[in-house]
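# Coordinates in review
What follows is the residue order along each chain.
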Amino acid sequence: MRELILGGARSGKSAYAERRAADSGLEVVMVVTAEAGDGEMAERIVRHRANRPADWAVVEAPLGLAQALRDTAAPGRFVVVDCLTLWLSNLLMDLDEQRGAPLPARFVRERTALLDTLPGLPGHIALVSNEVGWGVVPMGRLSRVFVDEAGRLHQAIAGVCEQVTLVAAGLPLHLKQP
């Protein structure tokens, strides 16, 4: 079972994914994509860790998400990926700001690997991601590419997931169910 969980900032999407994992009765592995690049992000990571049960394994995968999922997914295991948009941001950091420059090769490889890997994974996989495409078109090429690629990634992932859930104000709205 593959599930995409979308929501805006502070929508409750991570808490919802963690509740789903805890309620599953399965062994839980968190695959995290954040890197503590500054003090504020380091504090966020500490808060997320404090909110999770101590017996949940944690795998850090700021770039190689497909490989991390191949290494951790297993029957009887619930894997939560938190979150796709931070992973996307990490991969796009090498984007050439000049007009018309192609997407970074690593981004293209990693995105393809993730989309090829997801359908064959055993166990339950819940992928958390920020819905960022509902606002204004951002200024700056990197921001526009990020929003565009997040939208394309969400559509592609939703296509291979059996369940897609949008979380707003802590409440789940099921967009696609098995």
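Below is a short write-up of the structure. As the structure is a computational prediction, the values presented were derived from the model and not from experiment.

### Structural notes on the pairing of strand β4 (residues 77-82)
Of all the 6 residues making up β4, 6 are buried; the element is thus mostly covered by neighbouring parts of the structure. The side-chain alternation of β4 yields two buried faces, one formed by Arg77, Val79 and Val81 and the other by Phe78, Val80 and Asp82. Bridge count for strand β2 (residues 27-32) against β4 is 6 bridges, and the pairing is parallel. Across the sheet, residue Met30 finds its bridge partner in β4, namely Val80. Examined bridge by bridge, β4 and strand β5 (residues 124-130) share 5 bridges and lie parallel to one another. Note on β5: the bridge partner recorded for Val80 is Ala126.

### Focus on the packing of helix α3 (residues 65-72) against helix α5 (residues 105-117)
Between α3 and α5, the least distance of the axes is 8 Å, while the angle of their chain directions is 30 degrees. It follows from the interaxial angle that α3 and α5 lie roughly parallel. Judged by residue contacts, Leu65, Ala66, Leu69 and Arg70 of α3 engage Glu110, Ala113, Leu114 and Thr117 from α5. The residue makeup of the contact of α3 with α5, split by class, is 5 nonpolar, 1 polar and 2 charged.

### Some details on the nonpolar core
Looking at soluble globular proteins, one finds that nonpolar side chains tend to be buried together. Counting residues in hydrophobic clusters, the biggest one holds 33 residues, and the most contacted among them are Leu4, Leu65, Leu69, Leu84, Leu127 and Ile157. Sort the elements by how many residues they give to this core and helix α6 (residues 141-160) lands first, with 6 residues. Leaving out residues up to four positions away in the same chain, Leu84 has contacts with Leu4, Leu65, Leu114, Leu127, Val128, Ser129, Leu153 and Ile157. Counting 14 residues, the second-largest nonpolar core is a separate cluster that includes Tyr16, Val32, Val128 and Val167.

### Quick look at the side chain of Thr85
Its location among the elements puts Thr85 in helix α4 (residues 84-92). Among residues more than four places away in sequence, those in contact with Thr85 are Ser129, Asn130, Phe146, Ala150 and His154.

### Here's the deal with the layout of surface pockets
Volume-wise, the largest pocket comes out at about 810 Å³. What lines the largest pocket is a set of 33 residues, and nearest its centre among them are Arg10, Ser14, His48, Asp82 and Leu86. When residues of the lining of the largest pocket are traced back to their parent elements, those giving at least two are α1 (13-24), β2, α2 (39-51), β3 (57-60), α4 and β5. Element by element, the count of residues in the lining of the largest pocket is highest for α2, at 7 residues. Its residues assigned to classes, the lining of the largest pocket shows 15 nonpolar, 8 polar and 10 charged.

### Quick word on the packing of α5 against α6
Orientation of α5 relative to α6, taken along the N-to-C sense of each, is 20 degrees, at an axis distance of 11 Å. When the axes of α5 and α6 are compared, the pair comes out roughly parallel. Regarding α5 and α6, the two cross each other, and that crossing is right-handed. Along the contact surface, α5 presents Phe107, Arg111, Leu114 and Leu115, while α6 presents Glu149, Arg152, Leu153, Ala156 and Ile157.

About the cut-offs
- Residues numbered from 1 in each chain as written.
- Predicted model: local features only at pLDDT ≥ 70, side-chain atom pairs only at ≥ 80, totals over all residues.
- Heavy atoms only, no water.
- Buried < 20%, exposed > 50% of the residue type's maximum accessible area, 1.4 Å probe, protein only.
- Helix = DSSP H or I, 4+ residues; strand = E, 2+ residues; numbered from the N terminus.
- Pairing = 2+ DSSP bridges.
- Axes fitted to C-alpha atoms, helices over the stretch in contact; angles between N-to-C directions.
- Parallel < 35°, antiparallel > 145°, perpendicular 65-115°, else oblique.
- Contact = heavy atoms within 4.5 Å.
- Nonpolar A, V, L, I, M, F, W, Y, C, P; charged D, E, K, R; others polar.
- Core = buried A, V, L, I, M, F, W, Y, C linked by side-chain atoms within 4.5 Å.
- 1 Å grid on protein atoms, 1.4 Å probe; cavity = no way out; pocket = protein on both sides within 12 Å on 5 of 7 lines; lining within 4 Å.
- Points joined across faces, edges and corners; volume = space filled by probe spheres on them.
- Left-handed = near helix turned anticlockwise from the far one by under 90°.

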